[in-house]
Amino acid sequence: MSRGTPEQVLKSVVDGINTGNLDSLMPLYEPEAVFATQPGSLTHGLPGVREALAGFIAMKGKLDLKVTRVLEASDLALVTTVWSFTGTGPDGEPVKLAAQSADVLRRQADGSWRFVIDNPWGTD
């Protein structure tokens, strides 16, 4: 999983979800990161992020994502995307999700980037 640019971090999220590799996703997040599990609802810290991502992976689906904008200021980046996800819910029914996201990433001391805020529902 590459974290050299904000765009690479988002590509790594797609790769991790589409291959079902939850462990590969966790280094993409700062320890105190927040994740919007649904509009208006946040989970805090790596355990909450892990649980939220595990929910996507459990649906054994496919995530498509296109980065639409990256705004960098010093060591922070605001990344907006358009994404869609198709999978299977716990009841066996098809699940289709789509939204525009707004994420905040921070450049780390080693030059890599990590999520501070992962908000898949960010522009709704």
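Higher on the page you've got the structure.
The model shown is predicted, which means the values in this text are computed figures rather than measured ones.

### Re the overall build of the protein
- Of regular secondary structure, the protein possesses three helices and six strands.
- Ordered by position from N to C terminus, the α and β elements of the protein give α-α-β-β-α-β-β-β-β.
- Taken over C-alpha atoms, the radius of gyration comes to 14 Å for the protein, in line with the 14 Å a tight globule of 124 residues would show.
- Expressed as lengths along the three principal axes of its C-alpha atoms, the size of the protein is roughly 45 × 25 × 25 Å.
- Here the protein holds 124 residues, and 42% of them are scored as buried.
- Of the contacts formed within the protein by residues at least 6 apart in sequence, a portion of 47% connects residues at least 24 apart.
- Element-wise, carbon and sulfur atoms account for 54% of the exposed surface of the protein, whose accessible area totals about 6,600 Å².
- The averaged location of the 15 negative side-chain charges in the protein is 5 Å from the averaged location of its 11 positive side-chain charges.

### Some thoughts on the pairing of strand E6 (residues 113-118)
- With three bridges joining them, strand E1 (residues 29-38) and E6 adopt parallel strand pairing. Along E6, the bridge assignment pairs Tyr29 with Phe115.
- In terms of strand pairing, strand E5 (residues 94-107) meets E6 through four bridges, oriented antiparallel. Paired with Leu105 across the bridge in E6 is Phe115.

About the cut-offs
Residues numbered from 1 in each chain as written. Predicted model: local features only at pLDDT ≥ 70, side-chain atom pairs only at ≥ 80, totals over all residues. Heavy atoms only, no water. Helix = DSSP H or I, 4+ residues; strand = E, 2+ residues; numbered from the N terminus. Rg over C-alpha atoms; globule rule 2.2 N^0.38 Å. Buried < 20%, exposed > 50% of the residue type's maximum accessible area, 1.4 Å probe, protein only. Contact = heavy atoms within 4.5 Å. Areas by Shrake-Rupley, 256 points an atom, 1.4 Å probe, with all protein chains shown as cover. Lys, Arg positive; Asp, Glu negative; His and termini not counted. Charge placed at Lys NZ, Arg CZ, Asp CG, Glu CD. Pairing = 2+ DSSP bridges.

Read these as geometric descriptors, not functional statements.
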